[in-house]
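# Structural features, examined
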Amino acid sequence: MSHPVHIFLPGHNDRMAEELARVLPGRRFVQLGDSKDFNKALPSMELLLTGHPPRNRWARADNLRMIHIAGSGVDALLPAPDLAEHVVISNSRGSHEAHMAEFVMATTLSMAYNIPTLVRQQQQHQWRETFPRPLFDRTMCVVGLGAIGRSVARRARALGMRVVGVSRSG
């Protein structure tokens with residue numbers, strides 16, 4: 001029998017467990033709602049999926065083999081001097097590239113075309129003319145040139161925008 005995956009994503013446990021059950025049928029998931037649940041389960045954990053685990057509690061994690069951070073970095077976990085060296089740490093880097101880039105572009109188009117104002121007017125049964133600011137020939141500054149930033153830049157260029165990229169190092 002496979003070991004259960006402990007999920008510590010307060011506020012998102014149910015949704016994550018549903019998604020994981022869809023792609024990992026037959027796997028058992030243990031949802032940890034708060035730090036108290038986390039501490040109680042820690043000695044029996046082998047596989048942990050988390051976003052922001054409590055810090056400095058790993059000395060009791062005798063059975064822990066892997067921690068997966070549901071984000072692109074591991075800053076929420078490290079440094080962890082009390083974490084056993086054999087524990088594998090992984091993250092979700094790259095998995096959010098497409099939908100985050102699409103979200104950025106959807107938000108950019110929404111602002112350029114005054115969508116929030118138009119929706120508000122529709123809800124109020126009013127109509128006042130608004131003037132869109134088309135994105136073609138405009139400039140977008142992309143701060144961060146990782147996978148998501150590069151994906152945003154490609155989409156902005158496809159809309160005819162001039163793109164200026166700024167990396168962390170300048």
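See the structure shown above.
This write-up is about the structure you can find in this document.

Here is what the cut-offs are and how they apply
- Residues numbered from 1 in each chain as written.
- Predicted model: local features only at pLDDT ≥ 70, side-chain atom pairs only at ≥ 80, totals over all residues.
- Heavy atoms only, no water.
- Salt bridge = Lys/Arg side-chain N within 4 Å of Asp/Glu carboxyl O.
- Helix = DSSP H or I, 4+ residues; strand = E, 2+ residues; numbered from the N terminus.
- Buried < 20%, exposed > 50% of the residue type's maximum accessible area, 1.4 Å probe, protein only.
- Phe/Tyr/Trp six-rings, centres within 6.5 Å; stacked < 30°, edge-to-face > 60°.
- Expected span 1.5 Å × (residues − 1).
- Pairing = 2+ DSSP bridges.
- Right-handed = clockwise from strand over helix to strand, strands pointing away.

A word on the pattern of salt bridges. Applying the stated rule across the entire model yields four salt bridges. Glu 97 is the partner of Arg 154 in a salt bridge, and the nearest nitrogen-oxygen pair spans 3.2 Å. You can see Arg 154 sitting in helix α5 (residues 147-158) and its partner Glu 97 sitting in helix α3 (residues 97-112), a full 57 residues away along the chain. Residue classification places Arg 154 among the partly exposed residues on the basis of a relative accessible area of 42%. The exposure class assigned to Glu 97 is partly exposed, which follows from its relative accessible area of 25%.

A complete count under the given rule lists two aromatic pairs for this structure. Geometrically, the ring pair formed by Phe 38 and Trp 58 is edge-to-face, given 5.7 Å between the ring centres and 80 degrees between the ring planes. Note that Phe 38 is positioned in helix α2 (residues 35-41) and Trp 58 in the loop between β3 (47-50) and β4 (66-69), a separation of 20 residues in sequence. For the pair Phe 38 and Trp 58, one class covers both residues: buried.

An ideal rise of 1.5 Å per residue puts 22 Å on 16 residues; α3 measures up with 22 Å between its terminal C-alpha atoms. Every buried residue belonging to α3 is among Ala 101, Met 105, Thr 108, Ser 110 and Ala 112, and all of these are buried. Two residues or fewer past α3, Asn 114 is found with a positive phi of approximately 55 degrees.

In this sheet, strand β7 (residues 162-166) lies alongside strand β6 (residues 139-143) in parallel orientation, the contact comprising five bridges. In the strand pairing of β7, Thr 139 is matched with Arg 162. Of the crossover connections in this fold, the one passing from β6 over α5 to the parallel β7 is right-handed.

Moving on: unusual backbone geometry. The step from Leu 78 to Pro 79 runs through a cis peptide bond, and the omega angle for that step is 5 degrees. Tracing the backbone shows Pro 79 in the loop between β4 and β5 (88-91). Residue His 125 is not a glycine yet carries a positive backbone phi of 55 degrees. For His 125, the position within the fold is in the loop between α4 (115-123) and β6. Given the relative accessible area of 76%, His 125 is considered exposed.

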